[in-house]
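Each chain, letter by letter, is given below.
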Amino acid sequence: MSRAWSLIGRVLPAEYRAAARGFTPNARNYLGAAALQSAGYGVIGTAFAIHLKDRGFSEAVVGDVEGALALAAAVVCLGLPPFVSAFGYRRLMVASAIALAVARLGQAYASAAAGVVSLGLVFGLGDGAMQLLSPAFLSENAQAGRRTHLFTADFIVKVAAMFTGSLAGGIVPVLLRPLVGEAEAFRLTIVFAAVLMASSAIFAGRITDAVAERSPHPVRAWIDTLRGFSSWGRVGRLLVPEMLVSLGAGLIIPFVALFLRERLGATVTDVGVIQAVSSVMMAVAALSTPRLARTVRLAGTVVLTQLASLPFLVAIPLTTSLPVAAVLFWVRGMFMNMSWPVYNQLSMEGLPAADKPLVAGWVRFGWSIAWLGGAHWAAGSWPCRTRRPTS
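Note that the structure is predicted; figures quoted are calculated from it, not measured. (Residues numbered from 1 in each chain as written. Predicted model: local features only at pLDDT ≥ 70, side-chain atom pairs only at ≥ 80, totals over all residues. Heavy atoms only, no water.)

A look at the overall build of the protein
Here is the rule: In this description a helix means any DSSP run of H or I spanning at least four residues, a strand means any run of E spanning at least two, and both kinds are numbered starting from the N terminus. Only protein chains enter the calculation, and the probe is 1.4 Å; a residue is then buried if its accessible area is under 20% of its type maximum, exposed if over 50%, and partly exposed in between. Residues count as neighbours in contact if any of their non-hydrogen atoms are within 4.5 Å of one another. Reported accessibility uses the Shrake-Rupley method at a 1.4 Å probe radius. Residues are deemed covered only where the shown protein chains occlude them.
Assigned secondary structure in the protein consists of 16 helices and 0 strands. For the protein, the residues scored as buried account for 54% of the 391 residues in total. In the protein, the share of contacts with a sequence separation of at least 24, taken over all contacts with a separation of at least 6, comes to 87%. Accessible surface, the protein: about 16,400 Å² in total, of which carbon and sulfur atoms supply 68%.

A closer look at the confidence of the model for the protein
Applied cut-off: pLDDT gives the predictor's per-residue confidence on a scale running from 0 to 100.
Looking at the protein, pLDDT values average 77 and 84% of them are 70 or higher. Of all helices and strands in the protein, the one with the weakest mean pLDDT is helix H1 (residues 2-11) (47), whereas helix H8 (residues 182-204) scores best (89). In this model residues 7-11 is a low-confidence stretch, pLDDT under 50, and it forms 2 contacts with partners more than four residues away in sequence or in other chains. Under a pLDDT of 50 for its full length, residues 382-391 has, in the predicted model, 20 contacts with residues more than four places off or in other chains.

Looking at the packing of helix H12 (residues 268-286) against helix H14 (residues 322-337)
Put simply, the rule reads: Inter-axis angles, ranging from 0 to 180 degrees, are taken between N-to-C directions of lines fitted to C-alpha atoms, where helices are fitted over the stretch in contact. By definition, any crossing whose near helix is turned counterclockwise from its far helix by less than a right angle is left-handed, and any crossing with a clockwise turn is right-handed. Only Asp, Glu, Lys and Arg are considered charged in this grouping, and only Ala, Val, Leu, Ile, Met, Phe, Trp, Tyr, Cys and Pro are considered nonpolar; every other residue, Gly among them, is considered polar.
Look at H12 against H14: their axes get within 8 Å of each other, and the N-to-C directions meet at 35°. Of the two elements, H12 crosses H14, and the hand of that crossing is right-handed. Contact with H12, carried on its side by Asp 270, Ile 274, Gln 275, Val 277, Ser 278, Met 281, Met 282 and Ala 285, involves Leu 322, Ala 326, Phe 329, Trp 330, Gly 333, Met 334 and Asn 337 of H14 and no other residues of that element. Of the residues that constitute the contact of H12 with H14, the class distribution is 10 nonpolar, 4 polar and 1 charged.

What about the environment of Ser 321?
Residue position: Ser 321 is located in the loop between helix H13 (289-315) and H14. Taking the C-alpha atoms as reference, Ser 321 lies 9.7 Å from Leu 260; in sequence the two are 61 residues apart.

Focus on the packing of aromatic side chains
The following threshold applies: Only Phe, Tyr and Trp rings take part, Trp by its six-membered ring, and two of them pair if their centres are within 6.5 Å. Stacked means planes under 30 degrees apart, edge-to-face means over 60, and tilted covers everything else. To sit over a ring, a charge needs its Lys NZ or Arg CZ within 6 Å of the ring centre and within 35 degrees of the ring normal.
Summed over all chains, the structure comprises 4 aromatic pairs. Each ring, one from Tyr 41 and one from Phe 123, has its centre 5.7 Å from the other, and the planes form 85°; the classification is edge-to-face. With Tyr 41 in helix H3 (residues 25-54) and Phe 123 in helix H6 (residues 113-140), this residue pair connects regions lying 82 residues apart in the sequence. Cluster of aromatic residues (ring-pair linked, three or more members): Tyr 30, Tyr 89 and Phe 137. Arg 104 extends its terminal NZ or CZ atom over the ring of Phe 123, reaching a point 3.9 Å from the ring centre. In this arrangement the basic side chain of Arg 206 is found over the ring face of Phe 203, its NZ or CZ atom lying 5.3 Å from the centre.

Following this line, the structure appears as structure tokens:
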């Protein structure tokens, strides 16, 4: 782990090298877990929808899986936050890693749509838990003066890992296809993603919880945390814009791989490269967010970058050229996602420690419900007749 941080330090700007040296052991272990999970997400983002389609499942099943994931994540985000004081971050993150891995491993071998969708619920449990735990955990484990850099490092580590995973998701099936056939090659690619996600439990297990974060009475701690919650205004101000963004994302993101392949003739390797380049552009752009935040403040950074992404989002479905669509996809992703580190920091600023998991969880609940609506709507609108790839 120390060698990895030494390598990262040599390639980052001096501002980040100085900040990274001051990250706590908890923060570094969390970043290790996040990297492995994100690599798994990258593999899944490239290969999973195509894997299901090639096994004979319809696009509606893809939408149902995303809907099940979002529904389970919503339930977790609504009910789990008060339990952080009872179980601590470490136990919950380890359990999340196991849920992510078991779900994807099961989906690789499930023979019926009901099984694939049901396992999407299990995946949603782990995904929802990590969504709500991450901002609160980072806020609690960031040293003064390095908070923006830690949130940005979290984002950069994740997108860099997704870059690697996206490439692997496009390359591994091609390498395995001559050996085991196309269907089995995609299945083993999903298994590979599950192994990456399971490995993240190693780093999560090294996290040390403060004694004050643990309670021997989970139900009592749950009730006491709810009674003491005082940040309702923050929840309301964050929830509306979060749900609007999520609705749009649910309409698009689960079907990007299918759109590129079925409508624009991309191969699975093309999809992997496009997803990977998008991750690189997001990571590079995110390096500028601490300076941008110092200029236009945290809220201004979020508004400015997300508004800049909208013209490119609107243009994507209007093009019939794969190269043009790829460029639009890259620029849209760069602007839309470079603000997330700042947004996550902004959502946690000034909150009592006990309120942070609840605010993060309940805002993510709104995100998951809106994503569910968008994915379900988009799945029902997907055209039945599609163009097959030419190569």
